[in-house]
Amino acid sequence: MGSQAGSRRPFPFASPLSFRREHEPINARETAAPPIQARGLLKSFGGIPVVRGIDFDVLHGECLGLLGPNGAGKTTTLHMIACYVRMDAGQLLVFDMDPRRAPREIKRRLGVVPQEDSLDPDLTVERNLTVYAAYFDIPRAQAEERAAQLLRFVQLEDRAREPIRHLSGGMRRRLSLARALISNPKLLLLDEPTTGLDPQARHLVWQKLRGLRQGGVTMLLTTHYMEEAAQLCDRVLVLDRGEVIARGTPADLVRDHVGREVIEIHSAPELSPELVTRLEELADRVERSGDTIHLYFRDGRSPAAALPLLERLDFSQRKATLEDVFLRLTGRELRD
Amino acid sequence: MLAARRVWQRNFESWKRFYRASLVGNVLDPVLYFVAMGYGLGAFVRPIQGEPYLSFIAPGLLAGVAMNSAAFENTIGSFTRMEEQKTFKSILMTPVSITELALGEILWGASKSLLAATIFLAIIAATGLWHSPLDLLLLPLAFLVGLLFGAMALCWTALSPSYDFFNYFFTLVVSVMFLFSGIFFPVESLPDWASAAAWLLPLTHAVDMARALHRGELTSALVPDLLWLLTAAALFSWLAARLLERRLVR
């Protein structure tokens, strides 16, 4: 994975940001081991287990997604890596270092985009970046130069002198991303990077993250948007109640857990029991929730055979997505 | 420990944008005390220990104002940065450690004390109360007072669930010290038990030192007070860092 990352396309935008520190000698130890190695992570808050034995690696240059409903333990896992939450048990190595022993060395290599807005409201857009750079001991002149580059990257260059309160939600999130990148991080941790954004703002953030991934930045992101995971992640861990319940590439997950095609029938109450029985024979699986029936078809079976039975019904046919996997694995009841 | 200065710099950057408003308070505060206590009340009070009342209270008031500045900065100010603005959490995602964060906050509070004391000293000079160059030593003393009360305030901040809890701090800690640490009357004039209790108040030692310096007495008699303040400042700074760690890093 590490060598593959280097051969990826160069940055798709004008100002080349050296996210890989090419002029620095690369520490052999860091390139050998995966940036994150987690085994049996455990964490409880007030006696309530939140993370219950999670194992995973994040490899060089890949984007790993932690996907799960609220309360699945995604943010807690991310905070353990960021040395912000201490694990109760398990083994965690970030760049081959233990967060309990070398938090400063680990954090020096990390860029974090937190879930909640934590931009500094007392400072201008540009100062948010340069003040943050100072926490990493980046000299002022270098910080200003890099801040200017990053503001161009996230398309906020004409907002540099404005206060944070003038920015929209999407702009703030882009600025949070720029802030996380100010120290040339080797690993980017993104906690629900597009939650609460409108579709335009979300797509812009995705575009930036894809650019970074192509530039070889290793990423770990949490999300409950299936489309986000499908768009950005090489591999996905599906978490539920603090445990990994599935893992794989988005395509493999869809194929293994749901199949290829889905038919959604929106007027379930109108269906006769005989028709439902007939459909159950044709599809691999039939699932009913509220007034909707889902029919899932794997590679061997075709939805075409079912279509004549559905005339005059309100239905739609589509490709299976991660969302189907997610709902299949975590159930349809509300979480919160 | 060096990264503490980055936290200080962040607060300085923020203060620079709004400094005019806070300077008004720094100037008005001592002027109001001088007019009310010195000229108003002082007109009815006999000289104390051979000094006119205004001259008697001026150095202690300077220490009291230094206490107020840091106490305010490291309660309301720090709590806002921690809870409302999530600044502490952002900082903890960088190489800065929680101890450095706490120290940076306390140093910032002490800097606000130093600023307030500098303005206060200028007013002392302007009103003809300047005695000797030893008055300049009131400034490092004010900084030390700021470190101590900033650290105490940050401990309280780390324990406070909401802004409401700062009322207790200001009533039980700040007001008690302001009134009973010998700023307005010698603590020896209290009943024995009360003057013994006053020795336990950190500000008493600062007021003692401030008054001695203002009278031009720089003697070894100040050493116990100085050690008292330094030790308390160090202990509370350490405690503040541990309490913040308990609250923020779970």
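About the thresholds
- Residues numbered from 1 in each chain as written.
- Chains lettered and ligands numbered in written order.
- Predicted model: local features only at pLDDT ≥ 70, side-chain atom pairs only at ≥ 80, totals over all residues.
- Heavy atoms only, no water.
- Helix = DSSP H or I, 4+ residues; strand = E, 2+ residues; numbered from the N terminus.
- Rg over C-alpha atoms; globule rule 2.2 N^0.38 Å.
- Buried < 20%, exposed > 50% of the residue type's maximum accessible area, 1.4 Å probe, protein only.
- Areas by Shrake-Rupley, 256 points an atom, 1.4 Å probe, with all protein chains shown as cover.
- Lys, Arg positive; Asp, Glu negative; His and termini not counted.
- Charge placed at Lys NZ, Arg CZ, Asp CG, Glu CD.
- Contact = heavy atoms within 4.5 Å.
- Core = buried A, V, L, I, M, F, W, Y, C linked by side-chain atoms within 4.5 Å.
- Salt bridge = Lys/Arg side-chain N within 4 Å of Asp/Glu carboxyl O.
- Buried area = accessible area lost by both parts, 1.4 Å probe.
- Nonpolar A, V, L, I, M, F, W, Y, C, P; charged D, E, K, R; others polar.
- Disulfide = S-S within 2.5 Å.
- Expected span 1.5 Å × (residues − 1).
- Bend = angle between axes of the 7 residues up to and from the residue.

A. Highlighting the overall build of chain B. Within chain B, the regular secondary structure consists of nine helices and zero strands. Along the chain direction, N to C, the helices and strands of chain B fall in the order α-α-α-α-α-α-α-α-α. The C-alpha radius of gyration computed for chain B amounts to 18 Å, which stays within 12% of the reference 18 Å derived for 250 residues, consistent with globular compactness. The C-alpha extent of chain B, read off along each of the three principal axes, is 55 × 40 × 35 Å. Expressed as a percentage of the 250 residues in chain B, the buried residues total 54%. Just so you have it, chain B exposes about 10,700 Å², and 71% of that area is on carbon and sulfur atoms. Side chains of chain B carry 17 positive and 16 negative charges; the gap between the two charge centres is 11 Å.

B. Spotlight on the overall build of chain A. When you go through chain A residue by residue, the secondary structure sums to 12 helices and 13 strands. Looking at chain A as a whole, 54% of its 336 residues qualify as buried. The contacts of chain A with a sequence gap of at least 6 include a subset with a gap of at least 24, amounting to 70%.

C. A look at the nonpolar core. Judged by nonpolar contacts, the single largest core of 167 residues is most densely connected at F56 of chain A together with L203 of chain B. When residues in this core are grouped by element, the largest group, 15 residues, is from helix α5 (residues 138-159) of chain B. Once residues lying within four places of it in the same chain are set aside, the contact partners of L203 of chain B are A63, G64, M67, V145, F149, M177, F178, S181 and I183 of chain B. The next biggest cluster of nonpolar side chains, apart from the first, holds 15 residues, and it includes L279, L282, L295 and F297 of chain A.

D. The arrangement of the pattern of salt bridges in detail. Residues and elements named next belong to chain B. This structure, assessed with the given rule, holds 36 salt bridges over all chains. The closest approach of N and O atoms between K112 and E73, which form a salt bridge, is 2.7 Å. Here E73 lies in helix α2 (residues 53-84) and K112 lies in helix α4 (residues 98-126), a separation of 39 residues in the sequence. Classification of K112 as buried rests on a relative accessible area of 16%. E105 is the salt-bridge partner of R81, the closest N and O atoms lying 2.8 Å from each other. With a gap of 24 residues between them, R81 in helix α2 and E105 in helix α4 connect regions that are remote in the sequence.

E. Up close: the interface of chain A and chain B. Facing the 31 residues of chain A at the interface are 27 residues of chain B. For the pair chain A and chain B, the summed buried area comes to about 2,700 Å², and 52% of that belongs to carbon and sulfur atoms. Among the residues chain A hides against chain B, the three largest losses belong to Y84, D122 and Y135 of chain A. Together they make up 29% of the total. Across the chain A-chain B interface, the total number found is eight salt bridges. A salt bridge links D122 of chain A to R10 of chain B; its shortest N-O distance comes to 3.1 Å. Going through the elements one at a time, β1 (36-45), α4 (103-108) and α5 (125-135) of chain A are the ones with two or more residues in the side of chain A that touches chain B. For the side of chain A that touches chain B, the element with the highest residue contribution is α5 of chain A, accounting for five residues. Classifying every residue of the side of chain A that touches chain B by side-chain character gives 15 nonpolar, three polar and 13 charged.

F. View of the state of the cysteines. Going through the model one piece at a time under the given rule, you end up with zero disulfides over all chains. No disulfide involves C83 of chain A; its nearest neighbouring cysteine sulfur is the one of C63 of chain A, lying 20 Å away.

G. Expanded view of helix α1 (residues 4-40) of chain B. When the terminal C-alpha atoms of α1 of chain B are compared, their 43 Å separation across 37 residues is substantially less than the 54 Å that a helix rising 1.5 Å per residue should span. Along its length, α1 of chain B shows its largest kink, about 75°, at F18 of chain B. Within the sequence span of α1 of chain B, burial applies to A4, R6, V7, R10, N11, E13, S14, W15, N26, P30, F34 and G38 of chain B. The elements touched by buried residues of α1 of chain B are α5 and α6 (140-153) of chain A together with α2, α3 (87-92) and α4 of chain B.

The values are spatial; any link to function lies outside them.
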